[in-house]
Amino acid sequence: MAVEKKTEKKTLIFNAHLVDKQTDADGAILISGGLIEAVFLGDYTAEEKARALAPDAELFNAEGRTLMPSFIDMHVHFRYPGQTQKEDLDTGLASAAAGGFGTVVLMPNTLPVVSSAQLAAQIKAEAESRGLCEVFQTMSLTRDFSGKDTTHLDDIDSEKIPVITEDGRDVASAAVMREAMEKAAQNGVIVSCHSEDVALAQAAKPYRAEALALRKRGGAEGAEIEEKIDENLRQANALLALAEDTATERNIEIARSAGCRVHIAHCSTARSIDAVRRAKAEGMTVTAEVTPHHFALTADSREGLRAIVNPPLRSEDDRRALIEALRDGTADVISTDHAPHTAADKESGSPGFVGLETAFAAANTVLVKEACFSLSKVSALMSANPAEILGLNKGLLRPSLRADLVLVDEDEAWTVHGADGKSKGKATVFEGKTLTGKVHATWFGGRLVFRG
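Here we summarise the structure given alongside this text. Computed from a predicted structure; not experimentally measured.

Criteria and cut-off values
Sequence order sets the numbering: in each chain, residues are counted from 1 along the sequence as written. Confidence filtering applies because this is a predicted model: local features only for residues at pLDDT of at least 70, side-chain atom pairs given and counted only at 80 or more, and all residues used for totals across whole chains, interfaces and linings. Excluded from the side-chain calculation are hydrogens and water; included are all heavy atoms of the structure. The numbering of helices and of strands both runs from the N terminus, where a helix is a DSSP run of H or I of at least 4 residues and a strand a run of E of at least 2. Here the globule rule is a power law, 2.2 Å times the number of residues to the power 0.38, and the radius of gyration is based on C-alpha atoms. Remark: exposure states derive from per-residue accessible area (1.4 Å probe, protein chains only) relative to the maximum for the residue type, with buried under 20%, exposed over 50%, and partly exposed in between. Here, residues are in contact when the closest pair of their heavy atoms is within 4.5 Å. The protein chains shown are the only cover counted for residues, whose accessible areas, like all others here, come from Shrake-Rupley with a 1.4 Å probe. Interaxial angles span 0 to 180 degrees and are taken between N-to-C directions of axes, which are lines fitted to C-alpha atoms, for helices over the stretch in contact. In these notes the angle categories are as follows: under 35 degrees is roughly parallel, over 145 is roughly antiparallel, 65 to 115 is roughly perpendicular, and the rest is oblique. Crossing handedness is read from the near helix: turned anticlockwise from the far helix by less than a right angle, it gives a left-handed crossing, and turned clockwise, a right-handed one. Gly is placed with the polar residues, together with every amino acid not listed as nonpolar (Ala, Val, Leu, Ile, Met, Phe, Trp, Tyr, Cys and Pro) or charged (Asp, Glu, Lys and Arg). Take the number of residues in a helix, subtract one, and multiply by 1.5 Å to get its expected span. Throughout, the arc means the angular range of directions from the helix axis out to the C-beta atoms. DSSP-based pairing: two strands are paired if at least 2 bridges between them are found. Only one rule defines a salt bridge in this text: a Lys or Arg side-chain nitrogen within 4 Å of an Asp or Glu carboxyl oxygen.

Let us now look at the overall build of the chain. Counting secondary structure elements, the chain contains 13 helices and 16 strands. What you see for the chain is a C-alpha radius of gyration of 22 Å, in line with the 22 Å of a compact globule of 452 residues. The C-alpha extent of the chain, read off along each of the three principal axes, is 75 × 55 × 45 Å. Residue burial in the chain is summarised as follows: out of 452 residues, 59% are buried. Of the contacts formed within the chain by residues at least 6 apart in sequence, a portion of 74% connects residues at least 24 apart. Just so you have it, the chain exposes about 18,000 Å², and 50% of that area is on carbon and sulfur atoms.

Shown next as structure tokens:
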């Protein structure tokens with residue numbers, strides 16, 4: 001008896017405009033076995049012409065929208081384990097898919113802190129069992145954020161854990177940081193630095209606390225109390241800028257000494273990005289990320305000043321410096337620092353906002369529509385460059401690469417309402433703002449996992 005051969009299901013996405021780091025043309029993409037099988041450039045708007053390319057494929061009409069490699073976020077908080085009131089794997093992954101992300105790198109500041117390869121592997125396996133996104137779980141630089149013990153890094157495997165970080169804080173001791181970086185260098189692991197001098201960050205806390213206390217008193221004392229709130233926040237932000245600048249310089253120099261690949265997380269000041277630029281010019285293997293909220297918004301307005309996030313929103317000069325760094329290659333990637341909180345936690349001053357579902361729109365609005373970046377440049381920053389840093393077989397529209405794809409409308413305007421998002425966290429720094437650029441569909445390994 002003959003055994004019937006099982007045929008691989010294929011999907012042809014046609015009537016699309018294809019954009020990646022190197023491509024900007026009309027065409028179609030054939031998906032098979034979770035990979036891109038073929039890329040066809042040309043006019044494939046008609047179903048009959050598309051059908052001729054792959055007679056047995058299921059057709060997906062992109063309706064003239066733009067098809068890109070899905071996005072890769074090197075800086076995400078899913079709050080799992082231990083803080084599922086803020087976010088859990090299901091809501092975090094749903095938010096990632098809705099934002100067009102096919103890969104996320106999770107931070108270790110959870111309960112407990114992720115300080116073991118076993119716990120990291122468990123989180124990765126649990127997350128990827130949902131089939132929505134590829135997940136990498138980072139480990140802490142020091143065990144349980146003790147600031148002292150790095151023995152858990154002795155045998156770290158870069159294939160499983162490509163990035164380690166003390167995110168949410170910095171390592172106070174330069175000697176301990178160097179020890180962690182040396183171990184990372186020996187094992188081919190990237191160190192992602194939340195660059196913030198610990199003592200200066202601590203000195204900023206009373207100002208933020210005073211601002212919060214004044215805000216809770218309400219507007220009974222009118223303009224005077226409002227100005228006191230703002231002045232306290234300006235004092236805090238000035239200290240936090242100094243904390244970032246000095247720690248960025250320190251961490252780059254320690255990485256130089258240790259021979260370590262270093263990634264500067266959520267770079268937010270002109271001075272810090274200049275430190276990265278100098279290090280690159282000197283031949284160091286250093287990369288840097290910028291968040292959408294830091295290149296889109298400033299603390300020059302009262303609204304921006306009171307948007308509590310760490311690092312804070314900065315000045316217009318800083319914002320422009322970050323945009324130029326993204327333009328000239330000093331900054332390598334756009335990362336969201338997606339940081340969900342409960343409404344009560346935000347009211348109490350917890351820093352951070354959700355960002356996965358607004359990232360593309362913010363980048364498209366600010367960088368493409370306003371700063372005249374090409375969409376290919378944005379694709380490089382959100383897909384190809386992070387894929388290269390992490391060593392992933394994705395990030396471009398090329399045969400044999402993973403079929404992690406996102407379909408966007410570059411010109412669709414929409415108003416952001418955090419309550420409409422998939423994340424448990426509803427606080428967004430873009431609340432009520434109109435952005436241009438909408439995610440309409442996301443494929444992970446060739447499977448359609450989101451359609452908006």
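From this point, things continue past the structure.
Moving on to the packing of helix α12 (residues 359–370) against helix α13 (residues 375–390). Where α12 meets α13, the axes come as close as 10 Å, and the angle between the chain directions of the two elements is 140°. Here α12 lies oblique to α13, going by the angle between them. In this structure, the crossing between α12 and α13 has a hand that is right-handed. Residues A359, F360, A363, N364, L367 and V368 of α12 form the contact with α13, whose own contacting residues are L375, V378 and M382. Class assignment for the residues of the contact of α12 with α13 results in eight nonpolar, one polar and no charged.

Let's shift gears to helix α7 (residues 270–281). The terminal C-alpha atoms of α7 lie 16 Å apart, and with 12 residues this matches the ideal 16 Å at 1.5 Å per residue to within 8%. Of the positions making up α7, those classed as buried are S272, I273, A275, V276 and A279. The buried residues of α7 occupy one face: seen down the axis, they fall within an arc of 150°. Facing away from the buried side of α7 by over 90 degrees, the exposed positions are R271 and A281. Against α6 (222–258), β11 (262–264), β12 (286–290) and α10 (316–328) lie the buried residues of α7.

In this section: the sheet that holds strand β10 (residues 190–193). Read from one edge to the other, the open sheet built from five strands follows the order β9-β10-β11-β12-β13, with strand pairing classed as parallel. The sheet is open, and its two edges are formed by β9 (163–165) and β13 (333–334), each paired on a single side. Along the sheet, α7 makes contact with β11 and β12, crossing β12 at roughly 155°.

Here we come to the packing of α7 against α10. The N-to-C vectors of α7 and α10 enclose an angle of 25°; their axes lie 8 Å apart at closest approach. As the angle between them shows, α7 and α10 are arranged roughly parallel. Where α7 approaches α10, its residues A270, I273 and R277 are matched on the opposing element by D318, A321, L322, A325 and D328. By residue class, the composition of the contact of α7 with α10 is five nonpolar, no polar and three charged.

A few words on the pattern of salt bridges. Tallied over the entire structure, the rule returns 34 salt bridges. In this structure, D154 engages K183 in a salt bridge whose closest nitrogen and oxygen atoms are separated by 2.7 Å. A residue pair is termed long-range when its members are at least 10 positions apart, and D154 in the loop between β8 (134–137) and β9 and K183 in helix α4 (residues 174–187) qualify at 29 residues. D230 is the partner of R306 in a salt bridge, and the nearest nitrogen-oxygen pair spans 2.9 Å. You can see R306 sitting in the loop between α9 (302–305) and α10 and its partner D230 sitting in helix α6, a full 76 residues away along the chain. By relative accessible area, which is 22% here, R306 ends up partly exposed. Residue D230 is classed as buried on the basis of its relative accessible area, which comes to 3%.

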